[in-house]
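# Structure assessment
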Amino acid sequence: MQWEIVIGLEIHAQLSTKTKIFSGASTAFGAEPNTQADAVSIALPGVLPVLNKGAVERAIKFGLATGAHIAPRSVFARKNYFYPDLPKGYQISQMDLPVVGKGELTIHVPAVGKEQPYEKVVRLTRAHLEEDAGKSLHEDFHGMTGIDLNRAGTPLLEIVSEPDMRSAAEAIAYAKSLHTLVRWIGICDGNMQEGSFRCDVNVSVRRPGGELGTRREIKNLNSFKFMQQAIDYEVQWQIDTLENGGKIQQATVLFNPDTGETRSMRSKEEAHDYRYFPDPDLLPLEIGKEWIEQLRATMPELPRSKQLRYVNELGLSAYDAATLTASREMADFFEATLQAVPKDAKACANWIMGEVSAQLNRDNLEMPQCPITPQQLGGMLSRIVDGTISNSGAKEVFRTMWSEGGAADEIIEAKGLKQVSDAGALEAMVDEIIAANADKVAEYRSGKDKLFGFFVGLAMKASKGKANPAQMNEILKKKLAG
Amino acid sequence: MINSSLKQLSGQLAAKKISSVELTQFYLDRINKLNPELNAYITLNAETSLGQARAADARLAQGKGEALTGIPFAQKDIFCAKGWRTTCGSKMLETFVSPYDAHVISQFNNAGAVNLGKTNMDEFAMGSSNETSYFGKVKNPWNLKAVPGGSSGGTAAAVAARLCAAATGTDTGGSIRQPAALCGISGLKPTYGVVSRYGMIAFASSLDQAGPMARSAEDLALMLNVMAGFDERDSTSLQRDKEDYSRSLEQPLQGLRIGLPREFFGEGLSADVGKAVAAAIDEYKKLGATIVDISLPNSRLSIPVYYVLAPAEASSNLSRFDGVRYGHRAAEYGDLAQMYEKSRSEGFGEEVKRRIMIGTYVLSHGYYDAYYLKAQKIRRLIAQDFVEAYKHCDVIMGPTSPTTAFNLGEKGDDPVQMYLSDIYTIAVNLAGLPGMSIPCGFGANGMPVGLQIVGNYFDEARMLNVAHQYQLATDHHVRAPQGI
């Protein structure tokens, strides 16, 4: 029997403010424990929270980027529970009135097996501001626990989706789209290893069209690979349980990357009563239209808009458009390159998605560290378009630019890569070849078409690879025909 | 000297008739003599105090003194003061030395005032008799068998016994006004948001407000000038122009409309307090005021509303006292849960535990709507009553507390009886209004009676004027306890 998978995500994006959400302590990653824990971070008696405007701005930008409702008035609430790395004994979060309301995100689900790639709109339930907790360190303390409060008070945007995903592939495509978006609009550095982008995945299964099943929440996934493994395992576990006559209990589970399994952390019965109530230390957050408009004016063109433009105006495929907008740097690189060859978007896209990406990958570099500039690449592309160099010549130009730098024209000149397009010279070459290979010519003329490649080879060799291939082909065909 | 006003002391300091060091030493000597009996102070730090006094003398010598420069004040032990042990009256913070100054403390420091010591208080400001302090009961200087009121009982006793020139208090449901009334001194709780709460250990954040306690309205005004003002470190601090709270003191009261809420003069008010308050109202009539009969119909609900909201906030505010980073931690425990349980069970007293339990309960799933949300709605109705009343009067007057100071131990077993001691003061906190108490006579047992004056939002200067004019015409506020 068939099962349908239902997935919703809660993603914690760490906002890229210099200081914490309610104090002036630094948010920089990797400092010595507790060196970024000020009086507010360690919750000394008498200290009070003061909201960081930069965190609010980032939340508003997120709302603008997802077409969401931005609440003119939202409220911070206290979520009460005891834990050693939660210094106040409560987390300041938002409950009933979040800063960002309903929005949506279009995702590209790549081809899996025989399935075609497709687009899907995922609905966003809400996004709210909250503070992160510190860290409990259980090693190196001889049976005791160390507490590092550097992270306590770091601003987070918790982004909650509707249970709209129907496969692990959709869940990952959604998480990746969101990961792209938050970096695109500059509100989160997206560093998953450092915990800047953490995913909680709610998974349930049901009979197609049936009632929603009971969900289990996989907490704190910090890589897309783990997300895939965790969902795959969890889905199979739920299906096996149900098919063996068992029931799913609502629970929070953890994924163990070493075993590839999910394991229950606490059941619903053990769930905390967080006793949410409005934080009396903070006034309701009021966001005027003016503030929103100011920020709207600073928003970059969004990936979705670029994708539509690339498809509709540049004639690229949806896949190419999605790939080129995987990051803002990639899209910027593409658009800057395109300026040199405005009519050849496809060639541009192919080079960037092909050679450039492959070479970055090999050198383990990100787009911002790319050793060649869009101007260099564009210069080379325009020499392909105008016939100055062949594709194979271009590859050599590219390799040289990558390792040694330099403009395409200089490299073409220095390496003598300019194609020979002089018809007279090419004809003379062909005449010589025909004269020297009379037997092969005869064979060719008697119907052995395959020999054409042999003549092309000779011609290219004679031209030292510089012959304009299309032109050379044409001359060869004409002359060999006799 | 012990009866000098702040203005007089300031004049003597400026004229070099006395030095701040002499004045500080004078008070330290008095404290050494009288405090063992009264227990008004929890912590003294003579060297630090005298160091501040020397600095003040140097500043005065340069002619750079301000109104409070060189004057020794006591600070309620709820304010964090750098280098000072700050206990909030609790075993939980018995050894906590603050690494930073509360806004109120730095305002006094910047003014060149001397911090004489930290005054006793009910544990975490929860109490109306100062009997919940871990550091022992405070005695009322007028009668050593009686309570000084609370929670700012140490401050009230210290001011009444002339163990400081004046002092600070905080008021969540009456904690400045009720002890001021019971100890025969003047105290002002400003409009919520006028004095920054930064560094003031939170009891119920939406109600807590710091204010001055002194021997006259004139002194209160000078202190409020230093304490009030916008502070960006407190999000509930109000951004307003700096004002001089002394500016209207001398204004005559001709035409003043005094509202008397009938709910404040009914059942539960003891006859002698009622009589003293009535006499004070008569005095105001002589000063040119007219009396308006008003009603605050929802104020009868203020005690139940307060005992839902204040414990709810407190239960959360006190969660940080978990034994992890500072404060009391149990000596032995098995696991984390036990560390929390034992540390908090040992560190908190009975009244604090009671309120944490009430607060946790009213915020719990399934009870939140019935208690917390409903209380918030009634809170708005209570505030609305005042808005209505101020359409017909300029200030509201009545008794501060239904009785004069009761005896130590008298209400110890009955928390509800204790809570009723604040029946007239709590509505003012719920509405966020400014309120004050000034001495208006003595009860049948010879103990002081307080007159409560409640003003409209930001009317502190007007209230101080109303109080000052009464104090010019009467002498209740200059009476000192016998033997002091």
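That block above? That's the structure.
Just so we're clear, the structure is a prediction, and the values are computed from it rather than from any experiment.

### Side note on the overall build of chain B
Along chain B, the regular secondary structure elements total 15 helices and eleven strands. Expected size for 484 residues packed as a compact globule is a radius of gyration near 23 Å; at 21 Å, chain B falls within 12% of this value. The dimensions of chain B, computed from C-alpha atoms along their principal axes, are 65 × 55 × 45 Å. Across the 484 residues in chain B, those meeting the buried criterion constitute 65%. Long-range contacts, defined as pairs at least 24 residues apart, comprise 77% of the intrachain contacts of chain B with a sequence gap of at least 6. Summed over its atoms, the accessible surface of chain B is roughly 16,600 Å², and 52% of this surface lies on carbon and sulfur atoms. The average position of the 47 basic charges and that of the 48 acidic charges among the side chains of chain B differ by 2 Å.

### A few points about the pairing of strand E6 (residues 209-214) of chain B
Residues and elements named next belong to chain B. Of all six residues in E6, six are buried; the element is thus mostly enclosed. The pairing of strand E4 (residues 166-171) with E6 spans five bridges and is antiparallel. Bridge pairing in E6 links Thr-168 to Pro-212.

### Quick word on a nonpolar patch on the surface
Side chains of Tyr361(B), Tyr367(B) and Tyr371(B) sit close together on the surface and give an oily, nonpolar patch of about 280 Å² of accessible area. Owing to a relative accessible area of 33%, Tyr371(B) belongs among the partly exposed residues under this scheme.

### With respect to helix H10 (residues 336-347) of chain B
All names here are of chain B. For H10, with twelve residues, the first-to-last C-alpha span of 16 Å sits near the 16 Å given by 1.5 Å per residue. Looking only at H10, the buried set comprises Met-339, Tyr-340, Ser-343, Arg-344 and Gly-347. Along the axis of H10, the buried residues cluster in a sector spanning 105°; they form a single face. Summarising the contacts, the buried residues of H10 are in contact with helix H11 (350-363).

### Re the pattern of salt bridges
All names here are of chain A. One pass over the structure, following the stated rule, counts 44 salt bridges over all chains. Between Arg-78 and Asp-279 there is a salt bridge whose closest N-O contact spans 3.1 Å. In this pair, Arg-78 sits in strand E3 (residues 76-80) while Asp-279 sits in the loop between strand E14 (277-278) and strand E15 (285-286), placing the two residues 201 residues apart along the sequence.

### Remarks on the nonpolar core
Of all hydrophobic cores here, the largest spans 158 residues; its most connected members are Phe124(B), Tyr284(B), Phe386(B), Met397(B), Leu451(B) and Ile453(B). Val56(A), Cys188(A), Val205(A) and Leu295(A) belong to the second largest nonpolar core, which has 103 residues in total.

### Concerning the sheet that holds strand E7 (residues 257-261) of chain B
All names here are of chain B. The eleven strands lie next to each other as E1-E3-E2-E4-E6-E5-E10-E11-E9-E7-E8, forming an open sheet whose pairing is mixed. What marks the edges here is a single partner per strand, and that holds for strand E1 (41-44) and strand E8 (290-294). Looking at each pair of strands side by side, their axes are set apart by 30° on average, direction ignored. By the bridge criterion, six bridges tie strand E10 (residues 435-442) to strand E11 (residues 448-455) in an arrangement that is antiparallel. Residue pairing for E11: Gly-435 is matched across the bridge by Val-454.

### Some words on the interface of chain A and chain B
Every contact between the two is made by 29 residues of chain A and, on the other side, 37 residues of chain B. Taken together, both faces of the contact between chain A and chain B bury some 2,700 Å²; the carbon and sulfur share is 58%. Broken down residue by residue, the surface that chain A buries against chain B is led by Pro45(A), Phe82(A) and Arg275(A), which jointly contribute 24%. Applying the counting rule to chain A against chain B returns one salt bridge. Across the pair Asp281(A) and Arg197(B) runs a salt bridge, and its minimum N-O distance is 3.1 Å. The interface formed by chain A and chain B holds 17 residue pairs in polar contact (both at pLDDT 80 or more) in total. For the side of chain A that touches chain B, the elements supplying multiple residues, two or more each, are E3 and E14 of chain A.

### Description of the packing of helix H1 (residues 53-65) of chain A against helix H4 (residues 289-297) of chain A
All names here are of chain A. Orientation of H1 relative to H4, taken along the N-to-C sense of each, is 70°, at an axis distance of 10 Å. The orientation of H1 relative to H4 falls into the category roughly perpendicular. Mapping the contact onto sequence places Lys-53, Val-56, Glu-57, Ile-60, Lys-61 and Leu-64 in H1 and Trp-291, Ile-292, Leu-295 and Arg-296 in H4. Residues of the contact of H1 with H4, tallied by class, amount to six nonpolar, no polar and four charged.

### As for unusual backbone geometry
Omega for the bond connecting Gly150(B) with Ser151(B) falls within 30 degrees of zero, at 10°, which places this linkage in the cis form. Mapped onto the secondary structure, Ser151(B) falls in the loop between strand E3 (114-119) and helix H5 (153-160).

### Focus on the packing of aromatic side chains
For the structure on display, the rule yields 29 aromatic pairs over all chains. Ring centres of Phe226(A) and Phe255(A) lie 5.8 Å apart, and the angle between their planes is 50°; on these two criteria the pair is classed as tilted. One end of the pair, Phe226(A), is in helix H3 (residues 224-243); the other, Phe255(A), is in strand E12 (residues 251-256), with 29 residues separating them in the sequence. Overall, Phe226(A) belongs to the partly exposed group, its relative accessible area being 23%. A relative accessible area of 11% places Phe255(A) in the buried class. Consider the rings of Tyr100(B) and Tyr198(B), whose centres lie 5.5 Å apart with planes at 65°: the pair is edge-to-face. Here Tyr198(B) lies in the loop between strand E5 (186-189) and E6 and Tyr100(B) lies in the loop between strand E2 (72-76) and helix H4 (103-110), a separation of 98 residues in the sequence.

### Things to note about the environment of Ser437(B)
Residues and elements named next belong to chain B. Looking at the secondary structure, you find Ser-437 in strand E10. Separated by 79 residues in sequence, Ser-437 and Ile-358 place their C-alpha atoms 29 Å apart. Aside from chain neighbours lying at most four places away, what touches Ser-437 is Arg-177, Ala-180, Ala-181, Ile-185, Ser-186, Gly-187, Thr-400, Gly-450, Leu-451 and Gln-452. For Ser-437, the side chain forms a polar contact with the side chain of Thr-400, separated by 2.8 Å.

### Structural notes on the state of the cysteines
Put plainly, two cysteines are in a disulfide when a covalent bond ties their sulfur atoms together. All told, the structure shown has zero disulfides over all chains when counted by the stated rule. As a non-bridged cysteine, Cys370(A) has Cys348(A) as the owner of its nearest cysteine sulfur, 13 Å distant. This cysteine, Cys164(B), is not joined by any disulfide, and Cys183(B) carries the nearest cysteine sulfur, 11 Å off. The class for Cys164(B) is buried, based on a relative accessible area of 0%.

### A look at the sheet that holds strand E4 (residues 90-94) of chain A
All names here are of chain A. What the three strands build is an open sheet, ordered E4-E3-E14; its pairing is antiparallel. Either end of the sheet is taken by a strand with one partner, and the two such strands are E4 and E14. Both E3 and E4 contribute to a ladder of five bridges, which runs antiparallel. Its bridge partner being in E4, Lys-79 is matched across the sheet by Gln-91.

### Some points on the pairing of strand E6 (residues 118-131) of chain A
All names here are of chain A. Alignment of strand E5 (residues 103-109) against E6, held across seven bridges, turns out to be antiparallel. Its bridge partner lying in E6, Ile-107 is registered against Lys-120. Direction of pairing for E6 relative to strand E9 (residues 155-161): antiparallel, over a ladder of seven bridges. Residue pairing for E9: Glu-131 is matched across the bridge by Pro-155.

### A short note on the environment of Thr252(A)
Here Thr252(A) shows up in strand E12. In this view, Thr252(A) contacts Glu217(A), Lys219(A), Arg263(A), Ser264(A), Met265(A) and Arg266(A); residues no more than four positions away in its chain are not counted.

### A word on the side chain of Gln469(B)
All names here are of chain B. If you trace the backbone, Gln-469 turns up in helix H15 (residues 460-473). Residue class for Gln-469 comes out buried when judged on its relative accessible area of 13%. If near-sequence neighbours (up to four positions away) are discounted, Gln-469 is found in contact with Leu-249, Glu-250, Gln-251, Leu-253 and Leu-287.

### Examining the packing of helix H9 (residues 374-385) of chain A against helix H10 (residues 391-404) of chain A
For any two helices packed against each other, the geometry comes down to the angle between their axes and how far apart the axes lie. All names here are of chain A. The N-to-C vectors of H9 and H10 enclose an angle of 165°; their axes lie 10 Å apart at closest approach. It follows that H9 is roughly antiparallel to H10 by the angle criterion. The handedness of the crossing between H9 and H10 comes out as right-handed. Here H9 contributes Gln-376, Leu-377, Met-380 and Ile-384 to the contact with H10, which in turn contributes Asn-391, Ala-394, Val-397, Phe-398 and Met-401. Looking at side-chain class alone, the contact of H9 with H10 contains seven nonpolar, two polar and no charged residues.

So, how was this worked out
- Residues numbered from 1 in each chain as written.
- Chains lettered and ligands numbered in written order.
- Predicted model: local features only at pLDDT ≥ 70, side-chain atom pairs only at ≥ 80, totals over all residues.
- Heavy atoms only, no water.
- Helix = DSSP H or I, 4+ residues; strand = E, 2+ residues; numbered from the N terminus.
- Rg over C-alpha atoms; globule rule 2.2 N^0.38 Å.
- Buried < 20%, exposed > 50% of the residue type's maximum accessible area, 1.4 Å probe, protein only.
- Contact = heavy atoms within 4.5 Å.
- Areas by Shrake-Rupley, 256 points an atom, 1.4 Å probe, with all protein chains shown as cover.
- Lys, Arg positive; Asp, Glu negative; His and termini not counted.
- Charge placed at Lys NZ, Arg CZ, Asp CG, Glu CD.
- Pairing = 2+ DSSP bridges.
- Patch = residues over 30% accessible without salt bridge, like charges linked within 9 Å, V, L, I, M, F, W, Y side chains within 5 Å.
- Salt bridge = Lys/Arg side-chain N within 4 Å of Asp/Glu carboxyl O.
- Expected span 1.5 Å × (residues − 1).
- Arc of directions from axis to C-beta.
- Core = buried A, V, L, I, M, F, W, Y, C linked by side-chain atoms within 4.5 Å.
- Axes fitted to C-alpha atoms, helices over the stretch in contact; angles between N-to-C directions.
- Buried area = accessible area lost by both parts, 1.4 Å probe.
- Polar contact = N/O pair within 3.5 Å; in protein donor to acceptor, adjacent residues only side chain to side chain.
- Parallel < 35°, antiparallel > 145°, perpendicular 65-115°, else oblique.
- Nonpolar A, V, L, I, M, F, W, Y, C, P; charged D, E, K, R; others polar.
- Phe/Tyr/Trp six-rings, centres within 6.5 Å; stacked < 30°, edge-to-face > 60°.
- Disulfide = S-S within 2.5 Å.
- Left-handed = near helix turned anticlockwise from the far one by under 90°.

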